[in-house]
Amino acid sequence: MAKMEVKTSLLDNMIGVGDMVLLEPLNEETFINNLKKRFDHNEIYTYIGSVVISVNPYRSLPIYSPEKVEDYRNRNFYELSPHIFALSDEAYRSLRDQDKDQCILITGESGAGKTEASKLVMSYVAAVCGKGAEVNQVKEQLLQSNPVLEAFGNAKTVRNDNSSRFGKYMDIEFDFKGDPLGGVISNYLLEKSRVVKQPRGERNFHVFYQLLSGASEELLNKLTLERDFSRYNYLSLDSAKVNGVDDAANFRTVRNAMQIVGFMDHEAESVLEVVAAVLKLGNIEFKPESRVNGLDESKIKDKNELKEICELTGIDQSVLERAFSFRTVEAKQEKVSTTLNVAQAYYARDALAKNLYSRLFSWLVNRINESIKAQTKVRKKVMGVLDIYGFEIFEDNSFEQFIINYCNEKLQQIFIELTLKEEQEEYIREGIEWTHIDYFNNAIICDLIENNTNGILAMLDEECLRPGTVTDETFLEKLNQVCATHQHFESRMSKSSRFLNDTSLPHSCFRIQHYAGKVLYQVEGFVDKNNDLLYRDLSQAMWKASHALIKSLFPEGNPAKINLKRPPTAGSQFKASVATLMKNLQTKNPNYIRCIKPNDKKAAHIFNEALVCHQIRYLGLLENVRVRRAGYAFRQAYEPCLERYKMLCKQTWPHWKGPARAGVEVLFNELEIPVEEYSFGRSKIFIRNPRTLFKLEDLRKQRLEDLATLIQKIYRGWKCRTHFLLMRKSQIVIAAWYRRYAARKVLRELKHQKRCEEAATTIAAYWHGTQARRELKRLKEEARRKHAVAVIWAYWLGLKVRREYRKFFRANAGKKIYEFTLQRIVQKYFLEMKNKMPSLSPIDKNWPSRPYLFLDSTHKELKRIFHLWRCKKYRDQFTDQQKLIYEEKLEASELFKDKKALYPSSVGQPFQGAYLEINKNPKYKKLKDAIEEKIIIAEVVNKINRANGKSTSRIFLLTNNNLLLADQKSGQIKSEVPLVDVTKVSMSSQNDGFFAIHLKEGSEAASKGDFLFSSDHLIEMATKLYRTTLSQTKQKLSIEISDEFLVQFRQDKVCVKFIQGNQKNGSVPTCKRKNNRLLEVAVP
Ligand SMILES: Nc1ncnc2c1ncn2[C@@H]1O[C@H](COP(=O)(O)OP(=O)(O)OP(=O)(O)O)[C@@H](O)[C@H]1O
Ligand SMILES: [Mg+2]
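As recorded in an unreviewed UniProt entry, the chain goes by Unconventional myosin-Ib and comes from Suricata suricatta. Annotation of the chain in UniProt includes, under Sequence similarities (unreviewed entry), the sentence "Belongs to the TRAFAC class myosin-kinesin ATPase superfamily. Myosin family." Under the Function (unreviewed entry) heading, UniProt states for the chain: "Motor protein that may participate in process critical to neuronal development and function such as cell migration, neurite outgrowth and vesicular transport."

Given below as structure tokens:
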């Protein structure tokens, strides 16, 4: 389920005030009381604007759990109660989302909780940044570098059981997504003097105790160490055990961390060997030995320890022994060797131990850097975490404290610069008027220390480099000369020069008034520590070691690389590295955690007001608040402001539609907040007085109560109503279900009843059916039996009769059966024929097929008879006239069928005879009158001219006795031939209408010769001529059908020849006179 977003604010459930800026009234007392109140309620974090004040609780609080990490993740800075996670989140998000490099500056005095804070920041960032195997490995390595460095660089001091004895600045590098890529650690000046000597109640570096407590017997043997701390001079004995610290367990943690960071096994072993060597160095003791020449010499008391060291490090014992006895000074070409007295020998021993250890520490940092460095060359975003040793005031303060406090001085300065700058920039950004506020600027103290011409460090360097006798006293004198007038510098001399007598100031000391308080420094050791000299004989001896790590730690011991130049002094080195650090920090967006130590006892629940007051003063926290409030005490972006207070005004509650700024304006107007109390910036509202904010908060609280009541009321109403509606709905549902159940029950019963009735009917029906079928079966059986009896009886009778009559049948049976059968067949044939008769049309060719072969002749005869009969039937219908026509047609058929090609075309033409209606045409009246007989044919024919074959139209008339030719136009009779004189008619066999009428020789008509005609009705004319002649003369007229015949033209006989002509003249036959004797007719 998605987590519900609840908008909260730092102002919710506040103990005291979460942000000191809201403190009212503001003074030291209220400030401390507020801190105390919060401390007592386990609220160890308090804001001054964006600065986090952290008060060391000296006990573990349940406020760093993974759930807390989730709470603070992606929340606004002021949304939840003050926490170091809020600051870490803000820094990480602005790095990731706004691409701003960040630095987290953690300050405070020793034991205030800086190192813890830096680890909390790192673990928070590790928890919220990207995940994945590679990223996790990088995170692990970064986190695990801490236990390693703490083992070698931290120690128990009177102020802190785990005091950082070196400064550490770590750059964590991220890619553009905010995933960690790696890191770079810079270390600052390890307090190496601790290796050889620790103040009372303090310890050496943790690693020595861890090694002796945690190493296995085997390892101890290998390193020729003994578990007993008291065996070693360098380990302070009175505080070798620290309460609540398990050195043995920590040793295992460190070994494990080394492995995770990437140390190879042999590297880790080498490191422990160097540690063992340092420890054993402390056990080398010297005794004086007077030489004859009066010089003091020293001698190693017990060479066993030396031998073991040499075995461990692979150094020739004699070389090391010599290095502890002599000191060679090389100047230009000269080499001068002097013997060392006991004190010098001890000094040399300690110098070697310190150098060996501090160089090992630097090597460790470099080795870790090698492992954790980012593998890519892409642009990186950087978050720097600075955990530097806190401001220290001891009873005896030496060079180290001076350096440490100088560093803190610088940090305070950068804090002042950056916070004020940021504050000023915000006002400018938001367009708010800004009035300057005075604050203490510690630049003057920094200048006292670091000024290149007359600063204390410069003086120290000058003194160290000066030829002649140089002692700490000469250095103090120099200071007395140069700095005496400086207002932050004090010494016995400078005071007395001002006629002040300050007995609290010993002669060998000077005092500096730091921003955090006055510190008295013992000058003893300043020159030495600044010179940081290691006799060349020793570094050369170390370089000769076969132990690779030790050899690499002393490169200057290589005789081939002798460098006569003095190395830079410790002071100037530190100054330079601090300057680089400051420059680096200035390029980044600063985030401050100011750690406060509540008591000196490292105890929980104790809040020493005086101690806290002192820290508040020197940290300038009150000024910080004042600066922050100089203009406006409280500022907030418009959106969250409107969101928080919108319920105080009708217009803005519950929703404001316009821009947030307008909403806030309306809100403030409505609440009648005096206008001088607030100011509108570009993105934020600035509230001048905390009182105004508290007033708003009170109003909000009241209003929230009202709203809660309202919500409660509505909720209760809603709940009751919902409950009621639910009950009602449930009741309806239950009732419906019950009714349904009851109805179903009734229905079920009815159905059951009906089913029973139906079942009874069905059973009865089946029963009746069975009965009926049984009866039917019985009846059928009875009938079958009766029939069987009848059949059997009939067969029996038949058998009996046949037996009786068999003797009568045998003689005639065959013939009779044959006849009977034949008779039956014929009968059947005729009866069937009756039904299969074809139509009565004479031209119908159909006739049923013959059923039996033996009836073949009968069948044909029957067909013939039937045809004759139907022809007769047909003929009987004719009238006399029709009969005549058919007779004529029959005559024509007999004459021309199959003889003349023209015949078939004439069959369909009815014979009309009188084609020319002479009676009706008045033109032929005369002709009509001249003829008394009946006209059989009246037709126009072509008469062929005998001379040339051309034709002329003539009216051809046939009467009972005569044949007449008349002019077609005038109707005048041209010739008249009595039928008796006509002897023959000739024509071709072809499809033409030419015919010749031959006349009886000697008759009157024959004088002009025979006639040659062509007519369209040749067949009819020839037939009628034939019939008329036959009826008149009782003689058959001869009809010659031939393609060549002779015609009598006057005297000559001309041959008329029919040839198959070409189609040239169309379909009309043409006649041509070829010569005297030949007339050619071309028939197409
Ligand atoms: N937030 C915290 N919760 C619980 N204990 C804490 C917290 N911060 C610090 N302490 C306790 O205070 C002790 C000292 O803290 P820390 O080592 O961080 O101090 P420091 O400021 O680094 O001092 P120094 O300058 O000496 O290194 C820690 O060992 C731890 O016991
Ligand atoms: Mg620390």
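## Remarks on the site of ligand 1
In the vicinity of ligand 1, 18 residues are found, and the nearest of them are Asn56, Ser110, Lys114, Thr115 and Ser163. One nitrogen or oxygen atom from the main chain of glycine 113 is found 3.0 Å from an oxygen atom belonging to ligand 1. At 2.9 Å from an oxygen atom of ligand 1 is found a side-chain nitrogen or oxygen belonging to asparagine 160. In the complex, the protein chains occlude 86% of the 620 Å² of accessible area that ligand 1 would expose alone. If you list the elements that add at least two residues to the shell around ligand 1, you get α4 (114–128) and β5 (163–164). In terms of residue count, α4 provides more of the shell around ligand 1 than any other element does, 3 residues in total. The residue inventory of the shell around ligand 1, partitioned by class, reads 4 nonpolar, 10 polar and 4 charged.

## Side note on the packing of aromatic side chains
Between two aromatic rings, the relevant description is the distance of the centres plus the angle of the planes. What the rule picks out here adds up to 41 aromatic pairs. Here phenylalanine 1011 and phenylalanine 1013 contribute two aromatic rings whose centre-to-centre distance is 5.5 Å and whose plane-to-plane angle is 20 degrees, an arrangement assigned as stacked. By relative accessible area, phenylalanine 1013 is classed as buried at 0%. Grouping aromatic residues by their ring pairs yields a cluster made of Phe399, Phe402, Phe475, Phe489, Phe510, Tyr521 and Phe526.

## Quick word on unusual backbone geometry
In this structure, proline 25 follows glutamate 24 across a cis peptide bond, with omega equal to -5 degrees. Relative to the elements of secondary structure, proline 25 occurs in the segment before α1 (28–40). Cis geometry marks the peptide bond from tryptophan 653 to proline 654, where omega comes out at 0 degrees. As for its position among the elements, proline 654 is in the loop between α25 (638–645) and α26 (660–670). Here asparagine 42, not a glycine, exhibits a phi torsion of approximately 65 degrees, which is positive.

## Things to note about the pairing of strand β28 (residues 1044–1049)
As paired strands, β28 and strand β29 (residues 1052–1060) are joined by 6 bridges and run antiparallel to one another. In the sheet register, glutamine 1048 faces β29, and the bridge partner there is lysine 1053. What sits between the antiparallel neighbours β28 and β29 is a turn of 2 residues, in which arginine 1050 has the positive phi angle 55 degrees.

## As for the environment of tyrosine 406
Turning to its location among the elements, tyrosine 406 is positioned in helix α14 (residues 399–430). Residues contacting tyrosine 406, with those up to four places away along its chain left out, are Ile449, Glu450, Leu457, Phe574, Lys575 and Val578.

## Topic: the pattern of salt bridges
Tallied over the entire structure, the rule returns 64 salt bridges. Measuring nitrogen to oxygen at the nearest pair gives 3.9 Å for the salt bridge that ties glutamate 289 to lysine 299. Here the residue glutamate 289 occupies a position in strand β8 (residues 286–290), and lysine 299 occupies one in strand β9 (residues 296–300), the gap between them amounting to 10 residues. For lysine 299, a relative accessible area of 33% corresponds to the partly exposed category. In this structure, glutamate 697 and arginine 644 form a salt bridge, with 2.8 Å as the shortest nitrogen-oxygen distance. Taken together, the residues glutamate 697 in helix α27 (residues 690–809) and arginine 644 in helix α25 connect sequence positions 53 residues apart. With respect to class, glutamate 697 is no different from arginine 644; both count as buried. Through salt bridges with shared partners, one network takes in Glu226, Arg231, Lys280, Glu305 and Glu308.

## Structural notes on the state of the cysteines
Counted according to the given criterion, the structure contains 0 disulfides. With no disulfide of its own, cysteine 595 lies 15 Å from the sulfur of cysteine 407, the closest cysteine sulfur. Assessed through its relative accessible area of 0%, cysteine 595 is described here as buried. Between cysteine 641, a free cysteine, and cysteine 649, which holds the nearest cysteine sulfur, the sulfur-to-sulfur gap is 12 Å.

## A look at the domain arrangement of the chain
Per the domain assignment, the segments making up the chain are domain 1 (262–362 + 530–567), domain 2 (634–707), domain 3 (824–866) and domain 4 (881–1082). The distance between the C-alpha centroids of domain 2 and domain 4 comes to 147 Å.

## Digging into the sheet that holds strand β6 (residues 167–174)
The sheet built from 7 strands is open, its strands ordered β1-β2-β16-β3-β12-β6-β7 with mixed pairing. Strands with a single pairing partner mark the edges of an open sheet, and in this sheet they are β1 (45–48) and β7 (180–188). Averaged over all pairs of adjacent strands, the angle between strand axes in this sheet comes to 20 degrees, irrespective of strand direction. For β6 and β7, the ladder comprises 8 bridges, and the chain directions are antiparallel. Residue pairing for β7: glutamate 173 is matched across the bridge by glycine 182. Helix-sheet contacts for helix α5 (residues 133–153) involve β6 and β7, and the interaxial angle to β7 is about 15 degrees.

## As for the side chain of threonine 652
Take threonine 652: it is sitting in the loop between α25 and α26. The exposure class of threonine 652 is buried, given its relative accessible area of 0%. Among the polar contacts made by the side chain of threonine 652, one reaches the main-chain carbonyl oxygen of lysine 646 at a distance of 2.8 Å. Side-chain polar atoms of threonine 652 contact the backbone oxygen of cysteine 649, separated by 3.2 Å.

## A word on the coordination of the magnesium ion (ligand 2)
Looking at the metal site, the magnesium ion (ligand 2) is ligated by Thr115 (OG1) and Ser164 (OG), spaced 1.9 to 2.1 Å from it. Of this pair, threonine 115 sits in helix α4 while serine 164 is found in strand β5, placing the two residues 49 residues apart along the sequence.

## Here's the deal with the sheet that holds strand β20 (residues 935–944)
The strand order across the open sheet built from 8 strands is β23-β22-β21-β20-β26-β25-β24-β27, with neighbouring strands paired in mixed fashion. Edge positions in the open sheet fall to β23 (973–978) and β27 (1038–1041), since each of these has one partner strand only. The sheet shows a mean angle of 30 degrees between the axes of neighbouring strands, direction not considered. Looking at chain direction, strand β24 (residues 982–987) and β27 are connected through 4 bridges and run parallel. Along β27, the bridge assignment pairs serine 986 with glutamate 1040.

## As for the pairing of β6
Counted residue by residue, β6 has 8 buried out of 8 residues, so it is predominantly covered. Alternating residues of β6 divide into Gly167, Tyr169, Asp171 and Glu173 and Lys168, Met170, Ile172 and Phe174, and every residue in both groups is buried. Once β6 ends, the chain turns through 5 residues before running back antiparallel as β7, passing glycine 178 with a positive phi of about 95 degrees.

## Let's talk about the nonpolar core
Note on soluble globular proteins: their nonpolar side chains tend to be buried together. Grouped together as the largest cluster of nonpolar side chains are 210 residues, with contacts concentrated most on Phe31, Phe152, Phe208 and Phe510. Among the elements that make up this core, the one with the highest residue count is helix α13 (residues 342–372) (14 residues). Here this core spans two domains, since at least three of its residues come from each of domain 1 (262–362 + 530–567) and domain 2 (634–707). Not counting residues within four places of it along the chain, the set of residues in contact with phenylalanine 31 comprises Met20, Leu23, Leu26, Ile48, Ile53, Ile616, Leu621, Leu622 and Val625. The next biggest cluster of nonpolar side chains, apart from the first, holds 32 residues, and it includes Leu965, Phe995, Ala1022 and Tyr1026.

## Overview of the environment of leucine 306
By the secondary structure assignment, leucine 306 is in helix α11 (residues 303–313). The class for leucine 306 is buried, based on a relative accessible area of 0%. Residues contacting leucine 306, with those up to four places away along its chain left out, are Ile284, Ile300, Gln317, Leu320, Glu321 and Phe324.

## A short note on helix α7 (residues 206–214)
Among the 9 residues of α7, 8 are classified as buried, and the element is accordingly described as predominantly covered. Along α7, the residues that are buried comprise His206, Val207, Phe208, Tyr209, Gln210, Leu211, Leu212 and Gly214.

## A closer look at the packing of α5 against α13
Between α5 and α13, the shortest axis-to-axis distance is 11 Å and the interhelical angle comes to 175 degrees. By the angle class used here, α5 and α13 are roughly antiparallel. On α13, the residues that touch Gln141, Leu142, Ser145, Val148, Leu149, Ala151, Phe152 and Gly153 of α5 are Tyr357, Leu360, Phe361, Leu364, Val365, Ile368, Ser371 and Ile372.

Thresholds, definitions, all that
- Within each chain, residues carry numbers counting from 1 in the order of the written sequence.
- Going through the entries in the order they are written, you letter the chains from A and number the ligands from 1.
- A pLDDT threshold of at least 70 governs which residues receive local features in this predicted model, and a stricter bar of 80 or more applies before side-chain atom pairs are shown or counted, although totals over entire chains, interfaces and linings include all residues.
- The side-chain values count all of the structure's non-hydrogen atoms but skip hydrogen atoms and water molecules.
- UniProt positions are given in the numbering used here, feature names are shortened, and annotations may be inferred rather than shown by experiment.
- We call a residue near a molecule or strand when any one of its heavy atoms sits within 4 Å of it.
- Residues adjacent in sequence count toward polar contacts only when both atoms are side-chain atoms; beyond that, a polar contact is any pair of N or O atoms within 3.5 Å, and within protein one must be able to donate a hydrogen and the other to accept it.
- Here the Shrake-Rupley method, with its probe set to 1.4 Å, supplies the accessible areas, and only the displayed protein chains count as covering residues.
- We count a stretch as a helix when DSSP gives it H or I for four or more residues in a row; a strand needs E for two or more, and each element gets its number in order from the N terminus.
- In this classification, the charged set is Asp, Glu, Lys and Arg, the nonpolar set is Ala, Val, Leu, Ile, Met, Phe, Trp, Tyr, Cys and Pro, and all remaining amino acids, among them Gly, are polar.
- Between rings of Phe, Tyr and Trp, where Trp is taken as its six-membered ring, a pair exists when centres lie within 6.5 Å; planes separated by under 30 degrees are stacked, by over 60 edge-to-face, and by other angles tilted.
- Buried residues are those whose accessible area, probed at 1.4 Å on protein chains only, stays under 20% of the maximum for their type, while exposed residues exceed 50% and partly exposed ones sit between those limits.
- Pairing between strands requires that DSSP locate at least two bridges from one strand to the other.
- In what follows, residue pairs with any heavy atoms lying within 4.5 Å of each other are defined as contacts.
- By definition here, a salt bridge exists when the distance from a side-chain nitrogen of Lys or Arg to a carboxyl oxygen of Asp or Glu is within 4 Å.
- The disulfide definition used here is simple: a pair of cysteine sulfur atoms within 2.5 Å.
- In this entry, domain limits derive from an automatic or database-based domain assignment.
- Axis lines are fitted through C-alpha atoms, for helices just across the contact stretch, and the angle between N-to-C directions can take any value from 0 to 180 degrees.
- Coordination here is defined by N, O and S atoms within 2.8 Å of the metal (3.2 Å for Na, K and Ca), and since water is not considered, a site can look incomplete.
- Residues belong to one nonpolar core when they are buried, are Ala, Val, Leu, Ile, Met, Phe, Trp, Tyr or Cys, and are joined through side-chain atoms within 4.5 Å.
- If an angle is under 35 degrees, it is roughly parallel; if it is over 145, roughly antiparallel; if it lies from 65 to 115, roughly perpendicular; otherwise it is oblique.

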